[in-house]
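# What the coordinates show
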Amino acid sequence: MTINSRDDFAQWAIERTKSILTDQGSDLASAARARDDARMGEAANALGQAIIDALLDTFDGLVDGDRD
């Protein structure tokens, strides 16, 4: 996706958030329902990593755009 405006960025952020919550958030909720501490820890770490990856993707996109 090419982000050319604030609206494009907002739409990307919404879609990325939905994706992260659908994948990692549901894993965390399932682990919590099962009261599986080990699985909750893994799922929480995966959720945190997905958030970090999204932020780094955004930063990389900004830096790459500055190089043009």
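Residues numbered from 1 in each chain as written. Predicted model: local features only at pLDDT ≥ 70, side-chain atom pairs only at ≥ 80, totals over all residues. Heavy atoms only, no water.

### Details of the overall build of the protein chain
Per the secondary structure count, the protein chain includes two helices and zero strands. Residues classed as buried in the protein chain amount to 12% of the 68 residues present. Counting only carbon and sulfur atoms, one obtains 53% of the accessible surface of the protein chain, whose full area is about 5300 Å². (Helix = DSSP H or I, 4+ residues; strand = E, 2+ residues; numbered from the N terminus. Buried < 20%, exposed > 50% of the residue type's maximum accessible area, 1.4 Å probe, protein only. Areas by Shrake-Rupley, 256 points an atom, 1.4 Å probe, with all protein chains shown as cover.)

### Details of unusual backbone geometry
Keep in mind that most residues, glycine aside, have a negative phi and that most peptide bonds are trans. Despite not being glycine, Arg35 has its phi angle at roughly 55°, a positive value. Counting through the fold element by element, Arg35 comes out in the loop between helix H1 (6–34) and helix H2 (37–67). A relative accessible area of 72% places Arg35 in the exposed class.

### Quick notes on the pattern of salt bridges
Tallied over the entire structure, the rule returns two salt bridges. Lys18 is paired through a salt bridge with Glu15; the nearest N and O atoms lie 4.0 Å apart. Taken together, the positions of Lys18 and Glu15, both in helix H1 and three residues apart, correspond to about one turn of that helix. With a shortest N-O distance of 3.1 Å, Asp57 and Arg16 are connected by a salt bridge. In this pair, Asp57 is assigned in helix H2 and Arg16 in helix H1, connecting sequence segments 41 residues apart. (Salt bridge = Lys/Arg side-chain N within 4 Å of Asp/Glu carboxyl O.)

### Structural notes on H1
An α-helix turns once every 3.6 residues. As a result, residues three or four positions apart point the same way. Taking 1.5 Å per residue as the helical rise, H1 with its 29 residues ought to reach 42 Å, and the 40 Å between its terminal C-alpha atoms agrees with that figure. Where H1 bends most, at Gly25, the angle is about 30°. Of all the positions in H1, only Trp12, Ile20, Gly25 and Ala31 are classed as buried. Downstream of H1 by a residue or two, Arg35 has a phi angle that is positive, lying close to 55°. (Expected span 1.5 Å × (residues − 1). Bend = angle between axes of the 7 residues up to and from the residue.)

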